[in-house]
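# Residue-level structure breakdown
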Amino acid sequence: MSFVAAFGKLNVDLLYVGMPRIPNEGEEIYCKDFKVCLGGGLPATMINCSRLGVPAKIGTFLGDDMFSQFAKSELDKSGTRYELFESKNYPLNVTSAIITDSDRTFVSYGGSETYSDEMLERIYNSLKGAKVVAMQESILPVYKQLKKDGTILVLDTGYSDDMSIEKHKELIEIADYYTPNIDETEKMTGTRDPQKALDFLRDYFEKPIVKLGKYGCAGYDNGYFTVDNIEEFNCVDATGAGDAFLAGFIYGLYNDLDFKQCVLAGNITGGKCVTGVGCLTEYVTGQNLKEYIKKYKYLIK
C-alpha cells in the first residue's frame, strides 16, 4: 500500500491565549486561557494527512522527558504511523506562543542534529516507498536518493532572515513542488508581486505556487490562476496554517487530483486550521474535503 511520509522533529506548543498585550521585560501578565498541544512542522502535516484518510508515516525523535511523553501520547491518539530515532540533543522543539487579539509572538527552543551516514541510511529506509515525501532542510542526501526512486518531493521551507534561492538551491533543484508563503516568496524572489514571483519560480518549477495568506493562493499551470480563501473560515489563530495547507496539497497529489484542485484542497485545510487555537485543533476529514472541493471549485479563477 502506498503512503506519504516525512522526517522531522516534533514540536510541542505552550499557548498563552487571550493576552491583552505582549508583556514588557520584567513584567508579568496573566492570560485568559492556556493550552499544551502538538505544534507545527512536518509531523503535524503528516497527522493532518492521516485525518484526511491518507496513509502517513512520521520519522522523528523522542526521549524520556515529559514533553516527549506528551508528544508520544498525542501521536498514538492520532493513529499516525511513526518511527523513532535516537538523539544526543534535546529531542523536540518547544515553543511558547503568546496570542493576543491582533497577533501572536513566539519564543522557541530547538537543538540541531548531526546525521551520521548510518542514520541517513536508516532515515532513507524509513521513507522509501512513499508516493509523496514532504521535505525539510537537513537530510539532503536522503532526498537525492528518493528523487532517483521517483518519489514526489514537496518542499515547504520555514522563514528565516537569510533564506535565499542560493542557500536552498540543492533542495529546490530536486523538489517537484515548493509551497512558500508571501514573506518567504519575497526573500526567495525579491518581490511580493505574485505574478512576478511566479515568473521567477517558473525557472525552477513547472507549476509554482505562492501562498497569499488571507488572499488565498496564486499559481501557474499553463497560465496564471488564483484560488480565493474560504470565507466561512474565520481566523482565530494562524499558527499551523502552512502545515495544514501542505497536508491538503499532499492529499491532492496522493489522489492524483488536478494541480489546481491540489491548491484548492490546501486552501481548504489551511483555512479550517486557523478557526481554532493551535496547529491541530481544527481540521477536516477526507469526506469533508471532498465535499468542500465540490462546493468551492468556483474559487479557482
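Just above, that's the structure.
All values reported here derive from a predicted model rather than from experimental measurement. Each chain has its residues counted from 1, running along the sequence as written. The model is predicted, so local features are restricted to residues of pLDDT at least 70 and side-chain atom pairs to those at 80 or more, both for listing and for counting; the totals for chains, interfaces and linings are taken over all residues. Derived side-chain values reflect all non-hydrogen atoms in the structure, with water molecules and hydrogen atoms excluded from consideration.

### Examining the packing of helix 9 (residues 259-273) against helix 10 (residues 286-295)
The test is simple: Every angle, taken between N-to-C directions, lies between 0 and 180 degrees, and every axis is a line fitted to C-alpha atoms, over only the stretch in contact when it is a helix. Numbered from the N terminus, helices here are DSSP runs of H or I no shorter than four residues, and strands are runs of E no shorter than two. Helix crossings get a hand from a simple test, with the near helix turned counterclockwise from the far one by less than a right angle marking a left-handed crossing and a clockwise turn marking a right-handed one. Here, two residues are considered to be in contact whenever any of their heavy atoms come within 4.5 Å of each other. In this classification, the charged set is Asp, Glu, Lys and Arg, the nonpolar set is Ala, Val, Leu, Ile, Met, Phe, Trp, Tyr, Cys and Pro, and all remaining amino acids, among them Gly, are polar.
Two elements in contact, helix 9 and helix 10, have axes whose closest approach is 10 Å; the angle formed by their N-to-C orientations is 115 degrees. Considering how the two elements wind past one another, helix 9 and helix 10 form a crossing that is right-handed. In contact with Gln261, Leu264, Ala265, Ile268 and Thr269 of helix 9, helix 10 contributes Leu289, Tyr292 and Ile293. Across the contact of helix 9 with helix 10, the residue classes tally to 6 nonpolar, 2 polar and no charged.

### What about the pairing of strand 2 (residues 11-19)?
Convention followed: Under the scheme applied here, a residue whose accessible area is under 20% of the maximum for its type counts as buried, over 50% as exposed, and between as partly exposed, the area being computed with a 1.4 Å probe on protein chains only. One requirement defines pairing of two strands: DSSP has to find at least two bridges between them.
Buried residues dominate strand 2, accounting for 8 of its 9 residues. Here strand 2 pairs with strand 3 (residues 33-38) via 6 bridges, running antiparallel. Looking at strand 3, one finds that Val12 is bridged to Leu38.

### Some thoughts on the pattern of salt bridges
Counted only if it meets this: Any Lys or Arg side-chain nitrogen found within 4 Å of a carboxyl oxygen on Asp or Glu counts as a salt bridge.
According to the stated counting rule, one finds 18 salt bridges in the structure shown. Between Lys147 and Asp176 there is a salt bridge; the shortest N-O distance is 3.0 Å. Of the two residues, Lys147 is situated in helix 4 (residues 140-149) and Asp176 in the loop between helix 5 (169-174) and strand 10 (177-178); the sequence distance between them amounts to 29 residues. Overall, Lys147 belongs to the partly exposed group, its relative accessible area being 31%.

### Description of the sheet that holds strand 9 (residues 152-155)
Read across the open sheet, the 6 strands follow the order 5-4-1-8-9-10; overall the sheet is parallel. With one partner strand each, in any of the chains shown, strand 5 (81-85) and strand 10 form the two edges of the open sheet. Alignment of strand 4 (residues 56-61) against strand 5, held across 5 bridges, turns out to be parallel. By the bridge assignment for strand 5, Phe61 is matched with Phe85. Against the sheet, helix 3 (residues 117-127) engages strand 1 (4-7), strand 4, strand 5 and strand 8 (132-135), with an angle of about 175 degrees to strand 5.

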